[in-house]
Amino acid sequence: EWGLPKDEFADNNHLPYEMYVREARRIVGRHVYSEHDNSLAPGLGRTPIHPDSIAITDWYMDSHSCTTDSRPNFHYDGKLILTEESRPGQIPYRSLLPRGVDNLLVPACLSATHIAWGAVRLEPVWMQTGEAAGFAAALAKQQKTTPAQLDSDLLVRTLVKRRQLVSFFNDINVAGKESWIPAVQYFGTKGFFANYDANMAAPLKLTIAKVWADGFAKLRGGKLDPNALARAVAKAGRGDDAPVTAAEFAAMLPTSQTLPQGGFTRQR
């Protein structure tokens, strides 16, 4: 009834030169990003944690018409708007890697369910996944390996050093000048934070310090479960114990000061 907009594409009979494709065919990856990845995780104030996170979502999950079917006198087959259920989610590197193909990266038509796709499909997300794919390709060539065999931890550390947003926090500006921001982003993929508030200016409680120290040990030993650590941090954060000094916290850490290759200086 409205017709084409009179003030747009006037040199092309008001027809756009390109179609906007909201949703199309996608790969089945080594991780299928689902609505569970974009909703609060049980026992946490954040979505499930992915140690190989290379991007975040910041839009709610929504779905518009998918077919031409509709009810009488209604022009939609249905619309789903999950504003209250959605939270910023971490997109794992595995969602860019097709199953059964080791030498292919798919940053746009990545592996996601129809519902979760409503949060993935936006250009700011593709800007992140595209940059991550570019670095992954370069690192794979540098390391003489395939994207599928690339050390995802190396990729995550490379991205955070360049201020790629791989962990969302309410109180962190990833483009800020603070030298500890890359470290917070990195450890946000390892479960050291139970919600979206990093609280970097707050004193470190003894109970959380002990949980963090145990987390560092497991991270170094390759036995870390990020979501289990985050739940332990959430439980420890409910206590009202005294803070520790930097020296006291350092004494709790593993003897070797070497964290994973290219580790970060402790600032807390």
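Residues numbered from 1 in each chain as written. Predicted model: local features only at pLDDT ≥ 70, side-chain atom pairs only at ≥ 80, totals over all residues. Heavy atoms only, no water.

Turning our attention to the side chain of Thr129. One can find Thr129 in helix α2 (residues 123–142). Beyond its immediate stretch of four places on either side in the chain, Thr129 contacts Ile54, Ala55, Ile91, Leu96, Pro107 and Leu110. (Helix = DSSP H or I, 4+ residues; strand = E, 2+ residues; numbered from the N terminus. Contact = heavy atoms within 4.5 Å.)

So, about the pattern of salt bridges. If you walk through the whole model with that rule in mind, you get eight salt bridges. Between Asp153 and Arg157 there is a salt bridge, with its nearest N and O atoms 2.9 Å apart. One end of the pair, Asp153, and the other, Arg157, are both in helix α3 (residues 152–161), four residues apart, so they sit about a helical turn from each other. With relative accessibility at 4%, the residue Arg157 sits in the buried group. Here Lys190 and Asp153 are joined by a salt bridge, their closest N and O atoms 2.9 Å apart. Taken together, the residues span a long stretch of sequence, with Lys190 in the loop between α4 (181–187) and α5 (206–220) and Asp153 in helix α3 at a distance of 37 residues. (Salt bridge = Lys/Arg side-chain N within 4 Å of Asp/Glu carboxyl O. Buried < 20%, exposed > 50% of the residue type's maximum accessible area, 1.4 Å probe, protein only.)

Now for the environment of Glu131. Among the secondary structure elements, Glu131 is positioned in helix α2. On the basis of relative accessibility, which here comes to 38%, the residue Glu131 falls in the partly exposed class. Through-space distance from the C-alpha of Glu131 to that of Pro16 is 28 Å; in sequence the pair is 115 residues apart.

This part takes up the packing of α5 against helix α6 (residues 226–237). The angle between the axes and the distance between the axes are what describe a pair of packed helices. Interaxial distance between α5 and α6 falls to 8 Å at its minimum, and their mutual angle equals 165 degrees. It follows that α5 is roughly antiparallel to α6 by the angle criterion. The way α5 lies across α6 gives a crossing that is right-handed. Contacts from Thr207, Ile208, Val211, Trp212 and Gly215 of α5 reach α6 at Leu229, Ala232, Val233, Ala236 and Gly237. (Axes fitted to C-alpha atoms, helices over the stretch in contact; angles between N-to-C directions. Parallel < 35°, antiparallel > 145°, perpendicular 65-115°, else oblique. Left-handed = near helix turned anticlockwise from the far one by under 90°.)

Right, let's talk about the side chain of Ser86 for a bit. Tracing the chain through its elements places Ser86 in the loop between β3 (80–82) and β4 (90–92). A relative accessible area of 7% means that Ser86 is categorised as buried. Within the local environment of Ser86, its side chain forms a polar contact with the backbone nitrogen of Met61, the two atoms lying 2.9 Å apart. Polar side-chain contacts of Ser86 include one of 2.6 Å to the backbone oxygen of Leu82. Setting aside residues up to four positions removed in sequence, Ser86 forms contacts with Asn38, Tyr60 and Met61. (Polar contact = N/O pair within 3.5 Å; in protein donor to acceptor, adjacent residues only side chain to side chain.)

Model confidence for the chain is summarised by a mean pLDDT of 92, while 94% of its residues fall at 70 or above. Here residues 257–268 is a poorly scored stretch, pLDDT under 50, and it has 33 contacts once near neighbours within four places are set aside; other chains count. (pLDDT = per-residue confidence, 0-100.)

Throughout the structure, instances matching the rule amount to 13 aromatic pairs. Judged by centre distance (5.1 Å) and plane angle (80 degrees), the rings of Tyr186 and Phe187 are edge-to-face. Assessed through its relative accessible area of 2%, Tyr186 is described here as buried. For the ring pair Phe187 and Phe192, a centre distance of 5.1 Å and an interplane angle of 65 degrees mean the geometry is edge-to-face. Each member of the pair, Phe187 together with Phe192, is buried. Taken together, the aromatic side chains of Phe169, Tyr186, Phe187, Phe192, Phe193, Trp212, Phe216 and Phe249 make up a single cluster linked through ring pairs. (Phe/Tyr/Trp six-rings, centres within 6.5 Å; stacked < 30°, edge-to-face > 60°.)

Okay, α3 next. Within α3, eight of the ten residues are buried, leaving the element largely enclosed by the surrounding structure. By the burial criterion, the buried members of α3 are Asp153, Leu154, Leu155, Val156, Arg157, Thr158, Leu159 and Val160. Its buried side turned inward, α3 meets β1 (53–56), α2 and α4. Near the N-terminus of α3, the side chain that reaches the backbone nitrogen of Asp153, with its oxygen 3.0 Å away, is that of Asp151. Where α3 ends, the next residue or the one after it, Arg163, has phi of about 65 degrees, a positive value.

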